[in-house]
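Okay, here's what each chain looks like letter by letter:
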Amino acid sequence: QVQLAESGGGLVQAGGSLRLSCAASGRTFGSYAIGWFRQAPGKERVFVAAINWRGTSTSDSVKGRFTISRDNANNTVYLQMNSLKPEDTAVYYCAADRMGRRTTRQRDYNYWGQGTQVTVSS
């Protein structure tokens, strides 16, 4: 069992930056793939980025602006978000895939956090 807790969300002006954290419990965290997803008001939840031991994946909508990284010693995954735009406004969720696949499919992820709100003002 893995428990995930997101933090770092908030209100920021367009062009600003935020760093989200996803803190995980569990001794096998290093073998899991961790993904970030987001859900904007009135829209479906969509893939943002993911990381496993092989590397990272990032959606086209945030490529070049968002960076995912992990600190296995501290069981934490980060999402550094730069050059934020109003359309990045959403609730951001982290999720863990115990198979370590680093996919974009939500159904592949076994554990989810509660989410953290990111609001970007214009």
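Engineer: Tell me what's going on with the packing of aromatic side chains, and back it up with residues and numbers.
Structural biologist: A full pass over the atoms with the stated rule returns five aromatic pairs. Seen in terms of ring centroids, Y32 and Y111 are 6.4 Å apart; in terms of plane orientation they differ by 35°. Their pairing is tilted. Remark: Y111 occurs in strand 10 (residues 111–112) and Y32 occurs in the loop between strand 3 (18–24) and strand 4 (33–39); sequence separation between them is 79 residues. Residue Y32 shares its accessibility class with Y111, and that shared class is buried. Taken together, a centroid distance of 5.1 Å and an interplanar angle of 50° make the contact between F37 and W112 tilted. Of this pair, F37 sits in strand 4 while W112 sits in strand 10, and the two are 75 residues apart along the sequence. For W112, a relative accessible area of 24% puts it in the partly exposed group. Taken together, the ring pairs connect F37, F47, Y109 and W112 into an aromatic cluster. In this structure, R19 is placed above the aromatic ring of Y78, and the distance from its NZ or CZ to the ring centre is 4.1 Å. Looking at R45, its charged tip hangs above the ring of Y93, at a distance of 4.9 Å from the centre.

What counts as what
- Residues numbered from 1 in each chain as written.
- Predicted model: local features only at pLDDT ≥ 70, side-chain atom pairs only at ≥ 80, totals over all residues.
- Heavy atoms only, no water.
- Phe/Tyr/Trp six-rings, centres within 6.5 Å; stacked < 30°, edge-to-face > 60°.
- Helix = DSSP H or I, 4+ residues; strand = E, 2+ residues; numbered from the N terminus.
- Buried < 20%, exposed > 50% of the residue type's maximum accessible area, 1.4 Å probe, protein only.
- Lys NZ or Arg CZ within 6 Å of the ring centre and 35° of its normal.

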